[in-house]
Structures are given as structure tokens and as C-alpha cells.
Amino acid sequence: MRAHEAGALHGDLGNRGPAWLRTPEDVNALVPQLWPRTVTRDESGSLRVGGVDVADLAADYGTPAYFLDEEDLRARCRDFASAFAEADVYYAGKSFLCKAVVRVVDEEGLFLDVCSGGELAVALAAGFPPERIGFHGNNKSVSELRRALDAGVGRIIVDSFHEIARLTELSRELSKRPGVLVRVTVGVEAHTHEFIATAHEDQKFGFSLAGGAAFAACAQILDEGVLDLRGLHSHIGSQIFDTSGFEVAARRILELQAQIRDARGVELPELDLGGGFGIAYTTQDDPSTPGDLAKRINKIVESECELAALRVPHLSIEPGRAIVGPSVFTLYEVGTVKDVDGIRTYVSVDGGMSDNIRTALYDASYSATLANRRSDAEPMLARVVGKHCESGDIVVKDEFLPSDVQPGDLVAVPGTGAYCRSMASNYNHVPRPPVVAVRDGAARVIVRRETEDDLLALDVG
Ligand SMILES: Cc1ncc(COP(=O)(O)O)c(C=O)c1O
Ligand SMILES: N[C@@H](CCCC[NH3+])C(=O)O
């Protein structure tokens, strides 16, 4: 566990932050690992992204809005593709998906992981090659499976005996032989928030390794001979920094691979180790580079294969957050500043839990900076909150902002590319913000802002 996950505050109600939070020497400084690579603070003090001033972006597109640094996103896709050159890198679309991002992922040569009919629809609408799509989900419907078969998706990751039966029947009916991976629950307690850990035994995803269901699922698929069993799949959770979880997962899943070989005489040719690589949300996070991850993961797989006398399977991984998370920041306008005597200062912005649920849902930590100007005022410990009718509507729990922050200022929150727009809601009938891509001095809307008409369009009667 990293220091800030302990969530411990110094004292009871003292106006001091959690133990990990340091008073910055310069409250205007940008901490490089938190920001997309083209973000700078110019001489006037304003942030720029892709060569464009955020004050101009706010004027043109309004706030709140998500701004995506396209150069940064492309560079992250390329970093993963080149670090894992021998593997297939699936971008996990659940982290953020729209047609423009699908096209970037395609142009940069990645594969794509989707986990619902809706995500599949976006991928196909953007013209993504279906053979490079992996289809996930613990409860895919018959119509979703039929659509995947009709489209010819490359891999279906099967997650239950009911799904195997459904997919087998559909494949017979449609005379298809889809490539499938069996999702295995390897029994690893990943070091992350319990809601986003996915490989401990007591949960809904996958076939249990320890209980024998994973072996039985593979045996059934091999016996029936309708589905093309390509390999095993493991995903241990999300926002993971400690690679020992991947090590244990690889070891256990390769033991199963050896067991299948010994019992059935089949060496499955592929292995997918999922996603989950952590990113920096605060000054204290220091994530691994794709190069480091690739070295460690390849080494683990090679040594485990050697031990079990297995051929090294063709690897794939499924990063979502580590690709899109750091490429985006959310820009808000400050509406009110309230000093709650002796406790803390609340800075209310024009969005909140509807555009970023992660703080409320996972007790996630974020960072923030004053974006439209430089300030010489003393740093002040602030809590950035939204405009929703919940006291838990917190965007950034603890951050130092200049003490002269005032209504009309812009505040930027980095690291919001993953699981923010994709998990956004219309709570309190707040229209969801747009996503604007910025590159080489030009901005373009890739997901438009919702309007009140959009909200009313669903209201019948
Ligand atoms: C099966 C699977 N693959 C990939 C991912 C992507 O995870 P992350 O965005 O943490 O890389 C997830 C989400 O946790 C997932 O459930
Ligand atoms: N939504 C989670 C990650 C879950 C990933 C999907 N299995 C988050 O915001 O961290």
C-alpha cells in the first residue's frame, strides 16, 4: 500500500493534510509525472496543452471539460507497443472509449479490449478491425455474443460455464469457430482498492484455479471442439504498482498451462496477463515505465515456462488506465471558496462526482493546480469539491492551492483520462462534459458536451 492509501489525517480536524502530502516549495510548479507531456505553464502563468492556452480552451469549450493531449496519448500507445514488441497490446476501452480514440489506437497498431455490446458498437463504428478486438465480460448476453460472432471479433474471453454453453450453441448455429481465452481467477490479492481487485477467490470474474473450474472449463471446450481454445487469461486488478501480483499470477496460470498439457497433450499457444498498471495521481506516485513492466513480465513468463518445460506462449496485455489516464486533465471553473473555520478550505468547482466518481467510489486521491494564472500567495490546504447534492461530492480530497484562489479561476485536475468520462453520470441532471483533443496548436471536440435537450430527450411523457 502506498502512503496516501492509508488515508490517515494528522490530528483530528487540524487544517493539515494526510501524512504523504508535502507543502510545495512552489505552488505553481507542475510535477512532471502528473501531466500530459505537452502541458507547460507559460510566462503569463497560464497552462498550455498542445500549444493552446487553457483560458482560450475554457472560453471556446466551456467548463468543466476534459482535455486530451493527443500527442501524449499517441506516445503512450507507442511506448507500450514498442516495449511489448513481441506481444499484442490491447487498449482496454472501458477506461475511455469514443470513435476518435478508437482510431488513434488503430493507427498506433494496438489491439482493443471491449466488454459490452456498446463498446463493441463504438469500435465497429470507428472501423476498428474486428480481428484485433478482444471481447470481455462476465455476463455477455446471447445478442452480444451473436454480434461478436457476426462481426468476427478475434478473441472472446469466456468467463462462465453458461457462457461456454451459449457460445458453443451459437457457434454451431452460425458455423463459426471463434478463438477463445478462458479467464482464470488465480487467487491473487492484488495491492489495490478492494473494488478494483479482480483475482481473489471470492468474486464474480473468471473460473477459479484453486477450485478446479478453470481446468474443467478448458477440458470442456477441448472435448466439445467447437470453440478454438487459444489460451488462458488473467487480470488481477487495476491501479497496481507492485509487480509481485503479476508474478504470482503468471506462475499459477502457467502451472495450469502445464497441467492441461500433461492431461490433454495440448500446449495452449497464447497467454493474456491483463492490464492494471498503476499511474501517478499524486506527487507521491512513481509508476513503472512500459519498458520496465515489459522486462519484468517477460522475465517472469520465460523463467516460469523454463521451470515447467513449456514453450513461451504468445503474450498479450490489456492496459487501459496506463495509456489514457495521464493524457487527460479536467478543467473546472471555481464558483465559491469557503473557509470552514479551523478545519479546511472548500473550493467548489462547476463539476464534481458526475464527471469524476473515483474519489467518492474508491477514496481515490487526485492532484490539482490553479490553471489560469501564477500566484505568489502562500499555499493553502484545500479540498476541491463539486456542485452535487452530496457531502461526499469530492474531486480532490487534499491539495495545496494558492490562498488567493477565487471565483472565476480555473483549476485543472490531471490524470482523469481513465474511468472518469467513461463512468460519468447525469446526477442532478448535470450534462456530461465534452472531451476535447488538442494537438499542434489546434483543438477539436471528440465527444461533445451533453445539453439539457439531450437529458430531456429520454424523458417520455
Ligand atoms: C479484463 C480487464 N482487462 C483490462 C482492464 C484494464 O485495466 P487498467 O485500466 O487498470 O489497465 C480491466 C480493468 O480493470 C479488466 O477488467
Ligand atoms: N473503474 C476502476 C477500474 C476498474 C477497471 C475495470 N475492471 C477505476 O476507476 O479505477
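Residues numbered from 1 in each chain as written. Chains lettered and ligands numbered in written order. Predicted model: local features only at pLDDT ≥ 70, side-chain atom pairs only at ≥ 80, totals over all residues.

Quick reminder of the rule: UniProt positions are given in the numbering used here, feature names are shortened, and annotations may be inferred rather than shown by experiment.
The name given to the protein in an unreviewed UniProt entry is Diaminopimelate decarboxylase, with the source organism recorded as Actinoplanes ianthinogenes. Annotation of the protein in UniProt includes, under Pathway (unreviewed entry), the sentence "Amino-acid biosynthesis; L-lysine biosynthesis via DAP pathway; L-lysine from DL-2,6-diaminopimelate: step 1/1." Under the UniProt heading Subunit (unreviewed entry), the entry covering the protein gives this text: "Homodimer."

### Describing the pairing of strand 9 (residues 179-185)
Here is the rule we go by: Partly exposed residues are those whose C-beta has more than 12 but fewer than 20 other C-beta atoms within 10 Å; with 20 or more the residue is buried, with 12 or fewer it is exposed, and the C-beta atoms are placed from the backbone. For helices the rule is a DSSP run of H or I covering at least 4 residues; for strands it is a run of E covering at least 2, with both sets numbered from the N terminus onward. The pairing criterion for strands is at least two bridges between them, as found by DSSP. Handedness rule for crossovers: strands pointing away from the viewer, path from the first strand over the helix to the second running clockwise, crossover right-handed.
Of all the seven residues making up strand 9, six are buried; the element is thus mostly covered by neighbouring parts of the structure. Taken together, the three bridges between strand 8 (residues 155-158) and strand 9 define a ladder with parallel strand orientation. What sits directly across from I157, in strand 9, is L181. Handedness of the β-α-β unit built from strand 8, helix 6 (residues 161-174) and strand 9 comes out right-handed. Here strand 9 pairs with strand 10 (residues 207-208) via two bridges, running parallel.

### Topic: the pairing of strand 14 (residues 328-340)
Of the strand pairs in this sheet, strand 4 (residues 65-69) and strand 14 are connected by four bridges, and their pairing is antiparallel. Looking at the pairing, L68 lines up with V328 of strand 14. Where strand 14 lies against strand 19 (residues 410-414), five bridges are found, and the strand directions are antiparallel. Across the sheet, F329 pairs through a bridge with P414, a residue of strand 19. Here strand 14 runs beside strand 15 (residues 344-349); their pairing, made up of six bridges, is antiparallel.

### A short note on the packing of helix 5 (residues 142-151) against helix 6
So the rule is basically this: Between the N-to-C directions of two axes lies an angle of 0 to 180 degrees, each axis being a line fitted to C-alpha atoms and, for a helix, fitted only over the stretch in contact. Any angle that is under 35 degrees is reported as roughly parallel, and any over 145 degrees as roughly antiparallel; angles of 65 to 115 degrees are reported as roughly perpendicular and all others as oblique. Crossing handedness is read from the near helix: turned anticlockwise from the far helix by less than a right angle, it gives a left-handed crossing, and turned clockwise, a right-handed one. A pair of residues counts as a contact when their C-beta atoms, built from backbone coordinates, are separated by no more than 7 Å. For this scheme, ten residues count as nonpolar: Ala, Val, Leu, Ile, Met, Phe, Trp, Tyr, Cys and Pro. Four count as charged, namely Asp, Glu, Lys and Arg, and the remainder, Gly too, count as polar.
At a minimum axis distance of 10 Å, the contact between helix 5 and helix 6 shows a crossing angle of 45 degrees. Regarding the angle of helix 5 to helix 6, the classification is oblique. Helix 6 is crossed by helix 5, and the crossing has right-handed handedness. Contacts between helix 5 and helix 6 involve V142, L145, R146 and L149 from the former and R166, L167, L170, S171 and L174 from the latter. Looking at the contact of helix 5 with helix 6 residue by residue, the classes come out as six nonpolar, one polar and two charged.

### Describing unusual backbone geometry
Geometrically, the link from T63 to P64 is a cis peptide bond, its omega value of -10 degrees lying close to zero. Within the secondary structure, P64 sits in the loop between helix 1 (54-61) and strand 4. In this structure, Q239 is a non-glycine residue whose phi angle is positive, near 55 degrees. Of note, Q239 is situated in the loop between strand 11 (228-233) and helix 8 (244-264). For D363, which is not glycine, the phi torsion reads 60 degrees and is therefore positive. Summarising the element assignment, D363 is placed in the loop between helix 11 (358-362) and strand 16 (369-370). The class for D363 is partly exposed, based on 15 C-beta atoms found within 10 Å.

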